[in-house]
Amino acid sequence: MKLIQRGLSLLITGAALAASPAMAQQSLGPAAPTNSEPKPVQQNATPAPKQGLSFNPDAGIVYQSGDFRVTGWGYAERAIDPNGPDYFRRFRQGAEIDLPRINDQLRIAAVYEIDLTDTNVLGINPGPAGSLNSHDFENLYLAVQNPDDPGKFRLLFGHNTSILSREDNLSSGNLATINRSLILEEHGSTNTFGPQIGAQFQKALSPKVTVQASIGDNRGGLNAQERHAAFGRAIAAKIVLTPISDDKSGRKLTAGFAVDRTTGIRDRSFTLATAIGFGPLGGVAATGTKTTGEADIAYTFPLLGHATTVEAEALYSRFSGSRSDVGGGYAMVQFSLFDAPHTGDLDLFARYDVVSLGIDTITGRATQQAVRAGVNYNLPYTNKLASLHLEYAHNTLSGPAEIITNYKPSDEFRIVLRVSLQRYLRH
């Protein structure tokens, strides 16, 4: 009963926070949130933006003065753990400042995004966490980009997400699950994915082909606990294909292929962890040069009149110094049961993750699996700005004792309330 009361209290609070901005429906044309996958080149002209201060549920709070624009966003995810204290999974705020265009093809933009979950700012996490500092930046960069659609062209310098993984390039506030894939999240223990300091390039060669490249540091960016950045040691390239993109039929197919080479990794271990709570399960040394290959695919289509998305991604990395390697991936399906303003919209999801970890000095490999299932429910009359998330994960692990420290990972369950200035979209 106590758990239900806490959930209802959070639910009512979130709906109240989201109801006011949800009333505004003015469309301002595409504002580009950070960490989004490349969009196909748009053929239609962008509508004239509304001047002054307004709210766009697909972008956030927008101030427009001539061709100068500031777009601010923010979102919070409060998690209820039946076996532990409640906590903020994410509490982020960011903005993009778009300067007047240089010409018809280019403008300069500045972007920042901070995560307040490990600070005591606004009382988010009172106690020893401390005040806001550079470790809390998720994005901080300058970009030269297409004035209306950065998906067509963008060159940025600063602190930004690695281009390698599809999931790593999706906004954290618009994920289907609480955490990303096991294989991706666990790479974070080596600081070789996620935010990096460096340069990134993106160019749409056509509506169906986008290329990306990046060069950066090798030990994580501003939010790494120990900074030993060496610019130029991490090089990655990716191609994203969009053979199908039809708004009328609701069909979209994307596929990506990427490679990455990161040198000089020292004093690191690849750590296995549970799907939701990040409970440690074991690991091996991961040093030297990391060579990674990646492939992903996602297909959205109507099934019996309901929006459906099927997606999958696979990653494989080899660490030359420690002579260890890891491979894995996930497959997920999402299905929309209903979607209407007066009922809200409810999506079911099911997901399977697998990771295989080994090292030459140990006979046998550790195999980790997780089955996740749950629902995402955008609340009625909130224009998809407030949602309730329920997720269950069943974790299993097998392999040699030299790698594994916990053979019986517990099952996990969370209830999460999301409140955002941008709509939570699933398809």
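Residues numbered from 1 in each chain as written. Predicted model: local features only at pLDDT ≥ 70, side-chain atom pairs only at ≥ 80, totals over all residues. Heavy atoms only, no water.

(A) Quick peek at the nonpolar core. Residues Phe270, Leu272, Val326, Leu357 and Ile403 are the most contacted members of the largest nonpolar core, which totals 30 residues. Taken together, the elements giving at least two residues each to this core come down to helix 2 (182-187), strand 11 (251-265), strand 12 (269-273), strand 13 (280-285), strand 15 (306-319), strand 17 (344-359), strand 18 (366-378) and strand 19 (386-398). Dropping the residues within four chain positions of it, Leu272 is found in contact with Glu186, Gly279, Pro280, Leu281, Gly282, Val355, Leu357, Ala366, Gln368 and Leu397. Trp73, Val111, Ala143 and Leu156 belong to the second largest nonpolar core, which has 5 residues in total. (Core = buried A, V, L, I, M, F, W, Y, C linked by side-chain atoms within 4.5 Å. Buried < 20%, exposed > 50% of the residue type's maximum accessible area, 1.4 Å probe, protein only. Helix = DSSP H or I, 4+ residues; strand = E, 2+ residues; numbered from the N terminus. Contact = heavy atoms within 4.5 Å.)

(B) Local environment of the confidence of the model for the protein. In the predicted model, the protein carries a mean pLDDT of 86, and 82% of its residues have values of at least 70. Residue range residues 1-45 is modelled with pLDDT below 50. Its contacts to residues more than four positions away, or to other chains, number 89 contacts. (pLDDT = per-residue confidence, 0-100.)

(C) Representation of a nonpolar patch on the surface in the model. A cluster of nonpolar side chains, namely Ile97, Leu99, Ile102, Ile108 and Leu142, defines an oily patch on the protein surface of about 410 Å² accessible area. Position of Ile102 among the secondary structure elements: in the loop between strand 4 (87-98) and strand 5 (107-115). (Patch = residues over 30% accessible without salt bridge, like charges linked within 9 Å, V, L, I, M, F, W, Y side chains within 5 Å. Areas by Shrake-Rupley, 256 points an atom, 1.4 Å probe, with all protein chains shown as cover. Salt bridge = Lys/Arg side-chain N within 4 Å of Asp/Glu carboxyl O.)

(D) Region of the structure containing the pattern of salt bridges. With the rule as written, the count across this model stands at 24 salt bridges. Measuring nitrogen to oxygen at the nearest pair gives 4.0 Å for the salt bridge that ties Arg266 to Asp267. Across the pair Asp345 and Lys384 runs a salt bridge, and its minimum N-O distance is 2.9 Å. Here the residue Asp345 occupies a position in strand 17, and Lys384 occupies one in the loop between strand 18 and strand 19, the gap between them amounting to 39 residues. Like Lys384, Asp345 is buried. Residues joined by salt bridges that share partners form a network here, namely Glu167, Arg351, Asp353, Arg372 and Glu391.

(E) Quick look at the pairing of strand 5. Sheet topology places strand 4 next to strand 5; 7 bridges connect them, and they run antiparallel. Each bridged residue has a counterpart across the sheet, and for Ile97 the counterpart in strand 5 is Ala110. With 8 bridges joining them, strand 5 and strand 6 (residues 137-145) adopt antiparallel strand pairing. In the strand pairing of strand 6, Ala110 is matched with Leu142. (Pairing = 2+ DSSP bridges.)

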